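Here's the letter readout for the chains.
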Amino acid sequence: MSHIPVNHRLRPLYRALAVLIGLYLLIFGIIGAIQTADESFFSRGDTVVLGLKTNMAFSVLSIVMGVIVLLANLYGRNIDHFVDLGAGGLFMFVGVFGLIIIRSDLNKLNFSVATCVVSSLIGTALLTIGLYNRTGPPEQARQEEAIRVPGGKHPGHAAV
């Protein structure tokens with residue numbers, strides 16, 4: 001991981017975006033669980049929450065992922081870095097896999113094309129956030145910058 005920046009200057013912004021993504025997932029899941037409470041767990045109905053089709057299973061998974069992303073980013077200490085990388089990759093995989101199974105009996109989470117697109121966008125955002133929210137002591141940041149840019153100084157950036 002020698003090319004992943006440490007203590008990136010936009011880290012607070014990325015962390016705030018990850019918190020917003022976690023809140024979105026949590027709110028989506030809670031509203032979806034309320035609206036699909038009378039349906040079967042893997043229903044393939046027409047329940048739409050915040051523009052996305054859902055069922056109870058997808059709502060519960062959204063609540064779980066929202067809590068994980070939200071708590072990891074509120075806690076920080078590089079746990080957010082690893083959770084964002086892992087969750088980003090998982091969301092990207094689910095977005096592509098959802099497109100593959102969308103018209104089959106394997107579509108247990110009631111995915112639509114919009115759901116797959118949003119999953120891929122969330123995955124891309126979390127993966128990007130995970131690449132830039134790693135923290136460390138200033139000495140480690142200087143070492144990583146020296147590896148990344150010969151001389152350790154990049155035009156337009158203040159020295160660390």
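Please refer to the structure higher up on the page.
Residues numbered from 1 in each chain as written. Predicted model: local features only at pLDDT ≥ 70, side-chain atom pairs only at ≥ 80, totals over all residues. Heavy atoms only, no water.

### What to know about the layout of surface pockets
If a probe as big as a water molecule is rolled over the atoms, it shows which places are left empty.
Right, on to step 1. By volume, the second largest pocket is sized at about 420 Å³.
Right, on to step 2. Along its surface, the second largest pocket is lined by 23 residues, and Phe58, Leu61, Val94, Leu109 and Phe111 are the ones closest to its centre.
Right, on to step 3. At the level of secondary structure, the elements contributing two or more residues to the lining of the second largest pocket comprise α1 (11-35), α2 (56-75), α3 (79-101) and α4 (113-132).
Right, on to step 4. Looking at the lining of the second largest pocket element by element, the count peaks at 6 residues for α3. (1 Å grid on protein atoms, 1.4 Å probe; cavity = no way out; pocket = protein on both sides within 12 Å on 5 of 7 lines; lining within 4 Å. Points joined across faces, edges and corners; volume = space filled by probe spheres on them. Helix = DSSP H or I, 4+ residues; strand = E, 2+ residues; numbered from the N terminus.)

### Observations concerning the pattern of salt bridges
Right, on to step 1. For the structure on display, the rule yields 1 salt bridge.
Right, on to step 2. Two residues, Arg15 and Asp80, come together in a salt bridge whose shortest N-O distance is 4.0 Å. Note that Arg15 is positioned in helix α1 and Asp80 in helix α3, a separation of 65 residues in sequence.
Right, on to step 3. On the accessibility criterion, Asp80 (2% relative accessible area) is buried. (Salt bridge = Lys/Arg side-chain N within 4 Å of Asp/Glu carboxyl O. Buried < 20%, exposed > 50% of the residue type's maximum accessible area, 1.4 Å probe, protein only.)

### Some words on the packing of aromatic side chains
By convention here, two paired aromatic rings are described through the distance between centres and the angle between planes.
Right, on to step 1. Taken as a whole, this structure holds 6 aromatic pairs when the rule is applied.
Right, on to step 2. Where Phe41 meets Phe42, the ring centres are 5.0 Å apart and the plane angle is 90°; that geometry is what we call edge-to-face.
Right, on to step 3. Its relative accessible area of 45% is what places Phe42 among the partly exposed residues.
Right, on to step 4. Centroid distance Phe58 to Phe111: 5.1 Å. Interplanar angle 70°. Geometry classified as edge-to-face. One end of the pair, Phe58, is in helix α2; the other, Phe111, is in the loop between α3 and α4, and 53 residues separate them in sequence. Considered together, Phe58 and Phe111 belong to a single accessibility category, that of buried residues.
Right, on to step 5. Taken together, Tyr24, Phe28, Phe58 and Phe111 form an aromatic cluster joined through their ring pairs.
Right, on to step 6. The ring of Tyr75 carries Arg77 above its face, with NZ or CZ at 4.8 Å from the centroid. (Phe/Tyr/Trp six-rings, centres within 6.5 Å; stacked < 30°, edge-to-face > 60°. Lys NZ or Arg CZ within 6 Å of the ring centre and 35° of its normal.)

### Some details on unusual backbone geometry
Right, on to step 1. Of note, the phi angle at Arg77 is positive, near 55°, even though the residue is not glycine.
Right, on to step 2. Within the element layout of this structure, Arg77 appears in the loop between α2 and α3.
Right, on to step 3. The exposure class of Arg77 is exposed, given its relative accessible area of 62%.
Right, on to step 4. Residue Asn78 is not a glycine yet carries a positive backbone phi of 70°.
Right, on to step 5. Counting through the fold element by element, Asn78 comes out in the loop between α2 and α3.

### What to know about the nonpolar core
Right, on to step 1. Listed in full, the 11 residues of the largest apolar core are Tyr14, Ala18, Ile21, Leu25, Met65, Val69, Ala87, Phe91, Ile122, Leu126 and Ile129.
Right, on to step 2. At the level of secondary structure, the elements contributing two or more residues to this core comprise α1, α2, α3 and α4.
Right, on to step 3. Counting residues per element, this core draws most heavily on α1, which supplies 4 residues.
Right, on to step 4. Excluding residues within four positions of it along the chain, Ala18 makes contact with Val69, Asn73, Asp84, Leu126 and Ile129.
Right, on to step 5. Phe28, Val49, Phe111 and Cys116 belong to the second largest nonpolar core, which has 7 residues in total. (Core = buried A, V, L, I, M, F, W, Y, C linked by side-chain atoms within 4.5 Å. Contact = heavy atoms within 4.5 Å.)

### Describing the packing of α2 against α3
Right, on to step 1. Running from N to C, α2 and α3 cross one another at 150°; their axes reach a closest spacing of 8 Å. In this view, α2 runs roughly antiparallel relative to α3, as classed from their interaxial angle. Read as a crossing pair, α2 and α3 show a hand that is left-handed. Across from Met65, Ile68, Val69, Ala72, Asn73 and Tyr75 in α2, the residues of α3 making contact are Ile79, Asp80, Val83, Asp84, Ala87, Leu90 and Phe91. (Axes fitted to C-alpha atoms, helices over the stretch in contact; angles between N-to-C directions. Parallel < 35°, antiparallel > 145°, perpendicular 65-115°, else oblique. Left-handed = near helix turned anticlockwise from the far one by under 90°.)

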